[in-house]
Amino acid sequence: MPPVPADPGPQPAAPSGPDPAEGPSRETGRLSGPLFRDEQPGAVEPGASETVVLRAITDDARSAPPAGPYPGAAAYPGQPAPPVAAGHPGAPGGPVAGQPFLVPSSYPGQETPVAQPDPQPQPAQRKQRGGRNLQAAIGVGVGLGAVIVASLFVVKALFLVVVIAAVSVGVWELTSRLAERKEIKAPLVPLVAGGIAMIATGYWSGIQWAAASLALTGLAVMVWRMAEPPENYLRDITAGIFTAFYVPFLATFVALMLAADDGPQRIVLFLIVTVCSDTGAYAVGYKFGRTKLAPTISPGKTREGLAGGIGLSMLAGALLMELIIDGGSWWQGLILGGCAAVTATLGDLGESMIKRDLGIKDMGTLLPGHGGIMDRLDSLLPTAPVVWLLLAAFVGS
């Protein structure tokens, strides 16, 4: 007798509906197949495929929400529905402008890129060279030179007035920037009065009286600041004494050069070698500059520019010492020009440090194309004592 198989249990009821031979069943308004997670894949004949026509991609189609399931989905036997590619109109967030997105092809596991129109090219922006108005800078420089020459060779004492005016404005610019950016209250009145005293006594009485005026100015700053509350007293008087030394006292050496018998010629030598240092450094650095000199302080300065500035300043010093200074020699001019170029560069870097600490580009806006008065005095102030000392050593005071 053949063995009897165990009872398999209750059999599932036969599915109701149309004949399976007629293909997969569909309900009105609803797709069947493996697209929905709550449905099981139905029986599909091997090799069956479905052709889907995609709508044209327009702005309206992108903005309108999808009306149904994934537009390219087809029922593949035993295969999961293709994932919605990122950026497709059916995915969250919508399409990404200017980038292609993928739609499923008629074969499982493949995707077909749909090209998007290329964005309109943006017009190229012109790169500006530097932040100065070159024409305005040249015009202002020529005007200042005319004032200096006229005051030097008409009445020598008039140039002293020009120096005092420049120093007073420079002190005001520096103290104003300190107060605006760091809330440092350096007393302005004693600094301006002391600066005038330093320059005048240096011209008429010599370096000893100018040094005494500097000491008295420091005392006046300390006393003047006592009228304010004691908070930050030490900080304010320190800034005041620094300002007194940095601007008027260094400018006093210009007055000392002017006091000599050939004072106007010495001033011309001092100004030209300093200007040649700046001009040579700019021209050579702009054309051949590759190696940064001090990138954290002044990114525009290069070692090649420094060499060009030193060379041009030495050439100018040699010519002027031979031509306009009594008893001067060309080799003395080479030394003077080289030292002036080095101190002018250091002075420029020193003021750049101050402006970077304050977070400003210029000390002022008085001179179009140049900035403020202090932006023109930065290389002149530290060069003045060096030129005065070398002239006194070479040809006397």
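The rules behind these values
Residues numbered from 1 in each chain as written. Predicted model: local features only at pLDDT ≥ 70, side-chain atom pairs only at ≥ 80, totals over all residues. Heavy atoms only, no water. pLDDT = per-residue confidence, 0-100. Contact = heavy atoms within 4.5 Å. Helix = DSSP H or I, 4+ residues; strand = E, 2+ residues; numbered from the N terminus. Polar contact = N/O pair within 3.5 Å; in protein donor to acceptor, adjacent residues only side chain to side chain. Expected span 1.5 Å × (residues − 1). Buried < 20%, exposed > 50% of the residue type's maximum accessible area, 1.4 Å probe, protein only. Phe/Tyr/Trp six-rings, centres within 6.5 Å; stacked < 30°, edge-to-face > 60°. Salt bridge = Lys/Arg side-chain N within 4 Å of Asp/Glu carboxyl O. Patch = residues over 30% accessible without salt bridge, like charges linked within 9 Å, V, L, I, M, F, W, Y side chains within 5 Å. Areas by Shrake-Rupley, 256 points an atom, 1.4 Å probe, with all protein chains shown as cover.

## Observations concerning the confidence of the model for the protein chain
Then comes step 1: Residues with a pLDDT of 70 or more make up 64% of the protein chain, whose mean pLDDT is 78.
Then comes step 2: Taken together, the stretch residues 123-130 has pLDDT below 50 and engages in 1 contact with residues farther than four places along the chain or on a different chain.

## Quick look at the side chain of Ser 329
Then comes step 1: Within the secondary structure layout, Ser 329 lies in the loop between helix H8 (303-323) and helix H9 (330-358).
Then comes step 2: Among the polar contacts made by the side chain of Ser 329, one reaches the side chain of Trp 331 at a distance of 3.1 Å.
Then comes step 3: Ignoring any residue separated from it by four or fewer positions in sequence, one finds Ser 329 in contact with Met 321 and Glu 322.

## Quick word on helix H4 (residues 188-205)
Because an α-helix packs 3.6 residues into every turn, residues spaced three or four apart end up facing the same way.
Then comes step 1: For H4, spanning 18 residues, the distance from its first C-alpha to its last is 25 Å, which sits close to the expected 26 Å at 1.5 Å a residue.
Then comes step 2: What H4 keeps buried is the set Pro 190, Leu 191, Gly 194, Gly 195, Met 198, Ile 199, Thr 201, Gly 202 and Tyr 203.
Then comes step 3: Buried residues along H4 sit against helix H3 (157-182), helix H5 (207-225) and helix H6 (233-258).
Then comes step 4: Of the residues one or two after H4, Gly 206 is the one with positive phi, at around 110°.

## Considering the packing of aromatic side chains
In this description, an aromatic ring pair is defined by two values, namely the gap between the centres and the angle between the planes.
Then comes step 1: Following the criterion strictly, the structure yields 7 aromatic pairs and no others.
Then comes step 2: An angle of 10° between the planes, with centres 5.4 Å apart, marks the rings of Phe 242 and Tyr 246 as stacked. Linking Phe 242 with Tyr 246, this pair stays in helix H6, spanning 4 residues, or about one helical turn.
Then comes step 3: A relative accessible area of 37% means that Phe 242 is categorised as partly exposed.
Then comes step 4: Note on Phe 249 and Phe 253: the rings are 5.7 Å apart at their centroids and 80° apart in plane angle, and the pair reads as edge-to-face. Linking Phe 249 with Phe 253, this pair stays in helix H6, spanning 4 residues, or about one helical turn. The same class applies to Phe 249 and to Phe 253, which are both buried.
Then comes step 5: Each residue in the set Phe 245, Phe 249, Phe 253 and Trp 388 is aromatic and connected to the rest through ring pairs, giving one cluster.

## Here's the deal with H9
Then comes step 1: Look at H9: 42 Å from first C-alpha to last across 29 residues, which is about the 42 Å you get at 1.5 Å a residue.
Then comes step 2: Taken from the residues just after H9, Gly 359 is the one with a positive phi, measuring 75°.

## Things to note about the pattern of salt bridges
Opposite charge on two side chains permits them to pair, given that their charged atoms come into close proximity.
Then comes step 1: Enumeration according to the criterion identifies 8 salt bridges in this entry.
Then comes step 2: Note that Asp 357 is salt-bridged to Lys 182, the shortest N-O span being 3.3 Å. Within this pair, whereas Asp 357 is found in helix H9, its partner Lys 182 is found in helix H3, the two being separated by 175 residues in sequence.
Then comes step 3: What makes Lys 182 partly exposed here is its relative accessible area of 34%.
Then comes step 4: Salt-bridge contacts for Arg 235 lead to Asp 236; the nearest nitrogen and oxygen are separated by 3.4 Å.
Then comes step 5: Note on Arg 235: relative accessible area 31%, which makes it partly exposed.
Then comes step 6: Classification of Asp 236 as buried rests on a relative accessible area of 1%.
Then comes step 7: Here the residues in one salt-bridge network are Arg 225, Arg 235 and Asp 236, joined through shared partners.

## Here's the deal with a nonpolar patch on the surface
Then comes step 1: Together, Leu 216, Leu 219, Met 222, Val 223, Met 226 and Ile 241 line one region of the surface with nonpolar side chains, adding up to about 580 Å² of accessible area.
Then comes step 2: If you tally residues by element for the nonpolar patch, the top one is H5, at 4 residues.
Then comes step 3: Along the chain, Met 226 falls in the loop between H5 and H6.

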